[in-house]
Amino acid sequence: MASTCPSSIAQLLLVVYLSVFLLLANAHPMSPTSPPRKDAPSPAAAKGVTGISPALVSTLRETLDAIKNVASIISSFPIGGILGGGDLRLSSAVADCLDLLDLSSDELSWSMSTTTSSQPTNAGGTAAAARLGTGDARSDLRSWLGGALGNQDTCKEGLDETGSVLGSLVGAALNTVTSLLTDGLGKVAAGAGAEAAIASTSSRRGLADGAGVHPSWLGARERRMLQMSVGGMAVDAVVAKDGSGNYTTVSAAVEAAPAESERRYVIYVKKGVYKETVDVKKKKWNLMLVGDGMGVTVISGHRNYVDGYTTFRSATVAVNGKGFMARDMTFENTAGPSKHQAVALRCDSDLSVFYRCGFEGYQDTLYAHSLRQFYRDCRVSGTVDFVFGNAAAVFQNCTLAARLPLPDQKNSVTAQGRLDSNMTTGFAFQFCNVTADADLQRALANQSAAAAMTQTYLGRPWKEYSRVVFMQSYIGGVVWPEGWLAWDGEFALDTLYYGEYMNTGPGAGVGGRVKWPGFHVMTSPAQAGNFTVAQFIEGNMWLPPTGVKYTAGLTS
């Protein structure tokens, strides 16, 4: 649905207003002699670190300043009245940008913590960077910088879709942030003086040796929680629709959870359908939602793009706080296929885990937006791009169920959004089942003309370096022989990375697959091993204490 454009008078007033604001905002840039911020290492500290790249430190600091400047400009934009009107999509896009820039600021601050040798420690003696991430500073830094880079793209895309002059007026500032982040990520990836500075605090180890550094908030309690029944689990809060718990809504329980918790905070959500939108803010660390079962405990919403929300803001449940976990629940968006983009769950939580969870929707069901995520024994249903985003995510033992789309639509399981070759992001599916959902199965059984014409593909390249791998999975007959779908002509066909390895099922044959340069039929275990839990998301460093089942590598 097209956005309402402001009148020519309002447009002129807006241009004048923002032009003056931009002049004022840039009138006094930070001078080289400005005092260092608390969230960045001082020049003296940087010099004290053997081998650190001054260029990398300078880039990170400059990027943080640029993010704060553009956030200040966007937050001052007058949404209401003659300048901004009452456009829901515009207000959603502005809110998205402020949230995304705020996340980027955190990710930049976390990244700065990996560049100091004298990191502050918490009460348990854990280094600050290890407390925030896996303890592998090199991996953490690349993940966080990549997340921040993706945030700017989402912000810009949302503004561009509003038709507002704001998008063009702050476009240059956002491009500056993107350029700086690209430069910083490139420095790290290329090892331009950074590898010696970002010494890994632990090595990659397998499960057998039992060694490795784990974040301080993980421990035996998490293992017990995922192994015990809900009735025997120690929880911190209970949500129940009938009033038998501490709260009647999930949102209220999440809001009451402690900020930046060092320990797991467990919210048990009793069976029922909770019609609400839930926002797990960035300071809600280590939160865990536990339900009574997939399809039994359901959080349900219906926000969507057609009704005026941005795709980002349409999520029924949005998760930002790091270390999030969910078990035995369903997240759904009931807007339906005619409402187009309608997200059930959006995740920006680093080191997050979803175990035995359902994600129900149509277009854009699961938005794995950024950072490192793991899904085990989950079920995702949808039509167009129903698993999308730019996270580094591994799915094991999951069902991917294609639904009956609108007559003019083609089903695509994935639309992965890796936009820079130095990003460590992508989607890896192992031991999964790609199949038709009940509505498409019924239509096919009834020999429906619409079902017969429905084309289902494993993915299409949303961004230039889109990366998706299916390995050791069952590919049902619902998937067309070509396997993969182009986004727009020749876009990204040379730069994407789509791979298949040892899949089975009637849709797994690779003889009729696309002939794109970026498509690979993998035959080497070493090549496929790059996309396993152990290597792709370094799961051995943070998954074992959660108690969630996973396979670290390939199976014979």
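Remember, predicted model here, so these are calculated numbers, not experimental data. (Residues numbered from 1 in each chain as written. Predicted model: local features only at pLDDT ≥ 70, side-chain atom pairs only at ≥ 80, totals over all residues. Heavy atoms only, no water.)

Peer 1: Teacher, can you tell me more about the overall build of the protein chain here?
Peer 2: Secondary structure assignment for the protein chain yields 14 helices and 24 strands. Counting across all 556 residues of the protein chain, residues that qualify as buried make up 57%. For the protein chain, the share of sequence-separated contacts (at least 6 apart) that also reach a separation of at least 24 residues comes to 73%. Counting only carbon and sulfur atoms, one obtains 55% of the accessible surface of the protein chain, whose full area is about 20,900 Å². (Helix = DSSP H or I, 4+ residues; strand = E, 2+ residues; numbered from the N terminus. Buried < 20%, exposed > 50% of the residue type's maximum accessible area, 1.4 Å probe, protein only. Contact = heavy atoms within 4.5 Å. Areas by Shrake-Rupley, 256 points an atom, 1.4 Å probe, with all protein chains shown as cover.)

Peer 1: Even after reading the chapter, I still don't get the state of the cysteines, so can you show me in this structure?
Peer 2: Put plainly, a disulfide is one covalent bond tying together the sulfur atoms of two cysteines. Tallied over the full model, the rule gives one disulfide. Across the disulfide from C97 sits C155; the S-S distance is 2.0 Å. In this structure the cystine formed by C97 and C155 twists about its S-S bond by roughly 100 degrees; its chirality is therefore right-handed. Here C97, found in helix 5 (residues 88-113), pairs with C155, found in helix 7 (residues 137-160); they are 58 residues apart in sequence, far enough to count as distant. Taking the relative accessible area as the measure of exposure, C97 reaches 0% and is therefore buried. For C155, a relative accessible area of 1% puts it in the buried group. Between C357, a free cysteine, and C378, which holds the nearest cysteine sulfur, the sulfur-to-sulfur gap is 5.1 Å. (Disulfide = S-S within 2.5 Å.)

Peer 1: What exactly am I supposed to notice about the packing of aromatic side chains here?
Peer 2: Centre-to-centre distance and the angle between the planes together describe a pair of aromatic rings. Counted under the stated rule, the structure contains 21 aromatic pairs. Between F354 and F359 the ring centres are 5.8 Å apart and the planes differ by 70 degrees, which places this aromatic pair in the edge-to-face class. Seen from the ring of Y274, K241 lies directly overhead, with NZ or CZ sitting 5.4 Å from the centre. (Phe/Tyr/Trp six-rings, centres within 6.5 Å; stacked < 30°, edge-to-face > 60°. Lys NZ or Arg CZ within 6 Å of the ring centre and 35° of its normal.)

Peer 1: Could you clarify how one ought to interpret the packing of helix 5 against helix 7 in this entry?
Peer 2: Axes are the key here: two packed helices are described by the angle between their axes and the distance separating the axes. Following both chains from N to C, one finds helix 5 and helix 7 inclined at 165 degrees, their axes separated by 9 Å at the closest point. With respect to helix 7, the element helix 5 is oriented roughly antiparallel. In terms of crossing hand, the pair formed by helix 5 and helix 7 is left-handed. For the pair helix 5 and helix 7, the contacting residues are A93, C97, L100, L101, L103, S104, E107, L108, W110 and S111 in the first and L141, W144, L145, G147, A148, N151, Q152, T154, C155, G158 and L159 in the second. Taken together, the residues of the contact of helix 5 with helix 7 sort by class into 13 nonpolar, seven polar and one charged. (Axes fitted to C-alpha atoms, helices over the stretch in contact; angles between N-to-C directions. Parallel < 35°, antiparallel > 145°, perpendicular 65-115°, else oblique. Left-handed = near helix turned anticlockwise from the far one by under 90°. Nonpolar A, V, L, I, M, F, W, Y, C, P; charged D, E, K, R; others polar.)

Peer 1: How should I be thinking about the nonpolar core in this particular structure?
Peer 2: Taken as a class, soluble globular proteins show a tendency for nonpolar side chains to be buried jointly. Among the nonpolar cores identified, the biggest contains 62 residues, and I267, F354, F359, Y375, L400 and F470 are the most heavily contacted of them. Setting aside anything within four residues of it in sequence, one finds I267 in contact with A237, V239, A253, V254, L287, M288, L289 and V290. Counting 41 residues, the second-largest nonpolar core is a separate cluster that includes I67, I73, F77 and L108. (Core = buried A, V, L, I, M, F, W, Y, C linked by side-chain atoms within 4.5 Å.)

Peer 1: Looking at this structure, how should I read the pairing of strand 5 (residues 287-290)?
Peer 2: Regular strands show a simple pattern: their side chains alternate between the two faces of the sheet. Of the two faces of strand 5, the one carrying L287 and L289 and the one carrying M288 and V290 are both buried. By the bridge criterion, four bridges tie strand 2 (residues 265-269) to strand 5 in an arrangement that is parallel. What sits directly across from I267, in strand 5, is L289. Strand direction decides the pairing type here: strand 5 and strand 8 (residues 325-333), joined by three bridges, are parallel. Across the sheet, M288 pairs through a bridge with M325, a residue of strand 8. (Pairing = 2+ DSSP bridges.)

Peer 1: Sorry, what's going on with helix 5 here?
Peer 2: Each α-helix turn comprises 3.6 residues. Residues three or four places apart therefore point the same way. The end-to-end C-alpha distance of helix 5 is 38 Å, a good match for the 38 Å that 26 residues give at a rise of 1.5 Å each. The element helix 5 is largely enclosed, with a buried count of 19 among its 26 residues. The N-terminus of helix 5 is capped by D87, whose side-chain oxygen sits 2.9 Å from the backbone nitrogen of R89. (Expected span 1.5 Å × (residues − 1). Polar contact = N/O pair within 3.5 Å; in protein donor to acceptor, adjacent residues only side chain to side chain.)

Peer 1: Could you clarify how one ought to interpret the pairing of strand 21 (residues 467-471) in this entry?
Peer 2: For strand 21, the tally of buried residues reaches five of five residues, placing the bulk of the element in the interior. Burial of the side chains of strand 21 extends over both faces: R467, V469 and M471 are buried on one face and V468 and F470 on the other. Bridge count between strand 18 (residues 426-430) and strand 21: four bridges; the pairing is parallel. Among the inter-strand pairings, F429 is bridged to a residue of strand 21, identified as F470.

Peer 1: What am I meant to see in helix 7 here?
Peer 2: The first and last C-alpha atoms of helix 7 sit 35 Å apart over 24 residues, in line with the 34 Å expected at 1.5 Å per residue. For helix 7, a buried count of 18 out of 24 residues is recorded, marking the element as mostly surrounded by other parts of the structure.

Peer 1: How should I be thinking about the environment of Q535 in this particular structure?
Peer 2: Within the element layout of this structure, Q535 appears in helix 14 (residues 533-536). Judged by relative accessible area, Q535 falls into the partly exposed class, the value being 36%.

Peer 1: Would you mind showing me how to read the sheet that holds strand 9 (residues 345-347) here?
Peer 2: Strand pairing in a sheet takes place through backbone hydrogen bonds and is either antiparallel or parallel in direction. Taken together, the seven strands give an open sheet; going across it, the order is 4-7-9-11-14-17-20, and neighbouring strands pair in parallel fashion. Of all the strands in the sheet, just strand 4 (278-280) and strand 20 (456-459) have a single pairing partner and so form its edges. Adjacent strand axes in the sheet meet at a mean angle of 15 degrees when their direction is disregarded. Summarising the sheet, strand 17 (residues 411-416) and strand 20 pair through three bridges and their orientation is parallel. In the sheet register, S412 faces strand 20, and the bridge partner there is Y457.

Taken by themselves, the reported measurements are silent on function.
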